[in-house]
Amino acid sequence: MPFKNLLAAEGKKHTRVAGGAPVIQIVAGQGEDEVDIRKLTKHVMKLPAALQPSEITDLLQRLNAALAADGADPQRPNAEALAPYDHFHGRGLEATEDAAALVRPLPTDHLLDVGSGLGGPARYFAARFGCRVSGIDLTEEFCEVARHLTRLLGEDERVDFH
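Reading the values: the criteria
Residues numbered from 1 in each chain as written. Predicted model: local features only at pLDDT ≥ 70, side-chain atom pairs only at ≥ 80, totals over all residues. Heavy atoms only, no water. Core = buried A, V, L, I, M, F, W, Y, C linked by side-chain atoms within 4.5 Å. Buried < 20%, exposed > 50% of the residue type's maximum accessible area, 1.4 Å probe, protein only. Helix = DSSP H or I, 4+ residues; strand = E, 2+ residues; numbered from the N terminus. Contact = heavy atoms within 4.5 Å. Pairing = 2+ DSSP bridges. Axes fitted to C-alpha atoms, helices over the stretch in contact; angles between N-to-C directions. Phe/Tyr/Trp six-rings, centres within 6.5 Å; stacked < 30°, edge-to-face > 60°. Parallel < 35°, antiparallel > 145°, perpendicular 65-115°, else oblique. Left-handed = near helix turned anticlockwise from the far one by under 90°. Nonpolar A, V, L, I, M, F, W, Y, C, P; charged D, E, K, R; others polar.

Draft legend 1. Looking closely at the nonpolar core. Membership of the largest hydrophobic core is limited to 12 residues, which are Ala-100, Ala-122, Tyr-124, Phe-125, Ala-126, Phe-129, Cys-131, Val-133, Cys-143, Ala-146, Val-159 and Phe-161. For this core, the secondary structure elements donating two or more residues are helix H6 (120-129), helix H7 (140-152) and strand S5 (159-161). Among all residues touching Cys-143, those that are not within four sequence positions of it are Gly-117, Asp-137, Phe-161 and His-162.

In structure tokens, the structure reads:
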């Protein structure tokens with residue numbers, strides 16, 4: 001379904017949820033991060049459908065340089081050193097911690113992280129709760145770096161990326 005149609009369908013759903021009262025403004029985010037959905041739509045529609053391999057520079061090399069600049073050993077990073085880089089979603093590690101407080105999986109659970117990026121939240125859940133986590137992401141380089149970081153942190157028995 002094209003993005004514009006998806007947003008239109010979502011807008012209709014929100015109208016029905018609001019008891020049929022017209023929805024004048026839909027926002028994404030919260031507090032200072034709130035964005036009018038119309039502005040967000042215009043921005044998203046300008047983005048390329050997919051990044052070309054030539055547009056992605058060596059992500060692991062850049063991450064290692066950033067870790068070294070922060071005083072961390074790129075070959076032996078810990079979760080705290082990686083957190084500013086591998087929780088790249090709104091509110092970062094704080095949002096992951098809030099989600100963990102709501103979900104509280106059991107060690108026997110197997111979670112799916114859609115759009116897993118570099119894998120920070122997946123590794124966080126596995127380390128904190130002892131559960132299995134599978135991450136999927138459309139960007140293969142993200143998956144490669146996520147697998148590498150997961151091996152370095154010793155979480156590769158419980159966390160995998162595709």
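Resuming the write-up.
Draft legend 2. Seen up close, the sheet that holds strand S3 (residues 110-114). Spatial ordering of the open sheet is given by S3-S4-S5, a layout of three strands whose pairing is parallel. Each having just a single partner strand, S3 and S5 make up the two edges of the open sheet. Each adjacent strand pair in this sheet contributes to an overall mean axis angle of 15°, direction not counted. Where S3 meets strand S4 (residues 132-136), five bridges bridge the pair, whose relative direction is parallel. The partner of Asp-113 across the bridge, within S4, is Gly-135. Packing against the sheet, H6 makes contact with S3, S4 and S5, and its axis sits at approximately 160° to S5.

Draft legend 3. Structural view of the packing of aromatic side chains. Inspection of the entire model under this criterion finds three aromatic pairs. Considering the side-chain rings of Tyr-124 and Phe-125, the 6.1 Å spacing of their centres and the 75° angle between planes classify their relative orientation as edge-to-face. Accessibility assignment for this pair places Tyr-124 and Phe-125 in one class, buried. Taken together, a centroid distance of 5.8 Å and an interplanar angle of 35° make the contact between Phe-125 and Phe-129 tilted. Of this pair, Phe-125 and Phe-129 both sit in helix H6, four residues apart, roughly one helical turn. In terms of burial, Phe-125 and Phe-129 fall into one category: buried. By the ring-pair criterion, three or more aromatic residues cluster together here, those being Tyr-124, Phe-125 and Phe-129.

Draft legend 4. Inspection of the packing of helix H5 (residues 92-103) against H6 at higher detail. It is at 10 Å that the axes of H5 and H6 come closest, and there the two elements cross at 45°. Taken together, the axes of H5 and H6 are oblique relative to one another. Seen along the crossing, H5 lies across H6 with a hand that is right-handed. Of H6, the residues touching H5 (which contributes Leu-93, Thr-96, Glu-97, Ala-99, Ala-100, Ala-101 and Val-103) are Pro-121, Tyr-124, Phe-125, Arg-128 and Phe-129. Of the residues in the contact of H5 with H6, the class split is nine nonpolar, one polar and two charged.

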